[in-house]
Amino acid sequence: MRAVLVLTSVAVSFALSQAKAGDPVLGEQQFAPCSGCHTVTAEGGDGVGPSLHGLFGRKSGSNADFSYSSAMKAAGIVWNEDTLTKFLADPGALVPDNKMSFIGVADAQVRANIIAYLKVATK
């Protein structure tokens with residue numbers, strides 16, 4: 001019985017530590033501060049930050065029309081849900097010396113929502 005309780009406790013703790021599936025509708029609202037620098041559509045083009053159109057599967061620093069930091073160009077990251085989760089949590093930890101002035105999104109659920117939105121909006 002004790003082993004069952006320990007296993008149940010571990011399973012519940014793990015489940016609570018993981019963000020629920022992202023909500024793209026909430027993600028669009030939560031992405032709003034990012035839209036001051038980034039666009040998501042093909043027509044949007046680059047701004048202060050690069051366009052995020054076609055983001056998933058794209059290599060970091062590869063948009064030829066944008067002037068990335070050498071750190072972002074050299075990072076060799078392919079953007080997917082996992083790499084975006086890490087980057088949105090702490091951009092400076094994943095790509096030290098990148099030039100984006102953004103400290104990250106602490107809330108795992110907000111990150112999941114933003115990524116769910118980006119999956120839809122950047123196609």
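Analysis parameters
- Every chain's residues receive numbers from 1 upward, in the order its sequence appears when written.
- In keeping with the predicted nature of the model, local features appear solely for residues at pLDDT of at least 70, side-chain atom pairs appear and are counted solely at 80 or more, and the whole-chain, interface and lining totals rest on all residues.
- Only hydrogens and water are removed before side-chain values are computed, so all heavy atoms of the structure are retained for them.
- Stacked, edge-to-face and tilted labels apply to pairs of Phe, Tyr and Trp rings (six-membered ring for Trp) whose centres lie within 6.5 Å, assigned for plane angles under 30 degrees, over 60, and everything in between, in that order.
- Helix and strand assignments come from DSSP, with helices taken as H or I runs of at least 4 residues and strands as E runs of at least 2, each series counted from the N terminus.
- A 1.4 Å probe rolled over the protein chains alone gives each residue an accessible area, and that area as a share of the maximum for its type sets the label: buried under 20%, exposed over 50%, partly exposed in between.
- Salt bridges, as used here, are contacts in which a Lys or Arg side-chain nitrogen is within 4 Å of a carboxyl oxygen on Asp or Glu.

Undergrad: Just give me the short version of the packing of aromatic side chains, but keep the residues and values in it.
TA: For the coordinates displayed, the defined rule picks out three aromatic pairs. With 5.4 Å between their ring centres and 45 degrees between their planes, Phe31 and Tyr117 make a pair best called tilted. Taken as a pair, Phe31 in helix H2 (residues 24-31) and Tyr117 in helix H6 (residues 108-121) lie far apart in primary sequence, 86 residues in all. Pair check on accessibility: Phe31 and Tyr117 agree, each one buried.

Undergrad: Requested: an account of the pattern of salt bridges, with residues and values cited.
TA: Across all of its chains, the model carries two salt bridges by this definition. The salt bridge involving Lys119 is made with Glu81; its shortest N-O contact spans 2.5 Å. With Lys119 in helix H6 and Glu81 in helix H4 (residues 81-89), this pair connects stretches of sequence that are 38 residues apart. Residue classification places Glu81 among the partly exposed positions, given a relative accessible area of 42%. When the shortest N-O distance is used, the salt bridge between Lys86 and Asp82 registers 3.2 Å. Of this pair, Lys86 and Asp82 both sit in helix H4, four residues apart, roughly one helical turn.

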